[in-house]
Amino acid sequence: EAEVAQSPRYKITEKSQAVAFWCDPISGHATLYWYRQILGQGPELLVQFQDESVVDDSQLPKDRFSAERLKGVDSTLKIQPAELGDSAMYLCASSSTGNGNTIYFGEGSWLTVV
Amino acid sequence: GESVGLHLPTLSVQEGDNSIINCAYSNSASDYFIWYKQESGKGPQFIIDIRSNMDKRQGQRVTVLLNKTVKHLSLQIAATQPGDSAVYFCAETPGTYKYIFGTGTRLKVLA
């Protein structure tokens, strides 16, 4: 069964350091999402790509967060500098199209900022 | 603003009983709904979905009911098993590409 792959699964970093997460969506899925999930809450969208283009990054803190999907396949989410409040699970998801279709999540990347 | 919420943050059910998890949504334009199961430390796992032109959909041991009149969604799990213990999220798409998630309900299965 095809899966969304994410790495690393766990990351501990000191505040003010840079951290990056990688995602490989399900093959053929044009739409890729990065969500942030704080413990006990539902996922919140950070950025959405359609192929290599950003279609929604309205909730992405652009002063410290960046995301790219250069070839329209895998994607990287970067945080620089990390802050204590960034501690959360970062989930990548993909779907075959962006509207009205099931999105499938990866296992997530846990970030702890100390 | 737009929101998807759940009535009960924690639901405890005896093993073998049926579980019902509820979700209220606020956007009448939403036309697609998904239920996800999230186990501790893992990403959300798709369970079942339903489109707004339906009011009921059944899967293996799960049924989703949609009541558009009162903007209510429910997930029914038959013969609840210990492996069903998790947090369950509903999500809606209000006619756009956005998926809006609620805060989740924790299901605890008692032996």
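Note that the coordinates shown come from a computational prediction; the quantities given were computed from them, not determined experimentally. (Residues numbered from 1 in each chain as written. Chains lettered and ligands numbered in written order. Predicted model: local features only at pLDDT ≥ 70, side-chain atom pairs only at ≥ 80, totals over all residues. Heavy atoms only, no water.)

(A) Here's a closer look at the pattern of salt bridges. All names here are of chain B. Taken as a whole, this structure holds five salt bridges over all chains when the rule is applied. Between Asp-49 and Arg-57 there is a salt bridge; the shortest N-O distance is 2.2 Å. Classification of Asp-49 by relative accessible area gives buried; the value is 10%. Note that Arg-61 and Asp-84 form a salt bridge whose closest N and O atoms lie 2.9 Å from each other. Residue Arg-61 is found in the loop between strand 6 (56–58) and strand 7 (62–67), and its partner Asp-84 is found in the loop between strand 8 (72–77) and strand 9 (86–93); the two are separated by 23 residues along the sequence. On the basis of relative accessibility, which here comes to 30%, the residue Arg-61 falls in the partly exposed class. By relative accessible area, Asp-84 is classed as buried at 7%. (Salt bridge = Lys/Arg side-chain N within 4 Å of Asp/Glu carboxyl O. Buried < 20%, exposed > 50% of the residue type's maximum accessible area, 1.4 Å probe, protein only. Helix = DSSP H or I, 4+ residues; strand = E, 2+ residues; numbered from the N terminus.)

(B) View of unusual backbone geometry. Residue and element names in this part refer to chain A. The residue after Ser-7, namely Pro-8, is reached through a cis peptide bond having omega -10°. When you line up the elements, Pro-8 lands in the loop between strand 1 (5–7) and strand 2 (10–13). Phi angles above zero are rare outside glycine, and Ser-16 is one such case at about 80°. Positive phi, close to 55°, is recorded for Asp-51, a residue that is not glycine. By secondary structure assignment, the location of Asp-51 is in the loop between strand 5 (44–50) and strand 6 (53–56). Under the relative-accessibility criterion, Asp-51 is labelled partly exposed at 35%.

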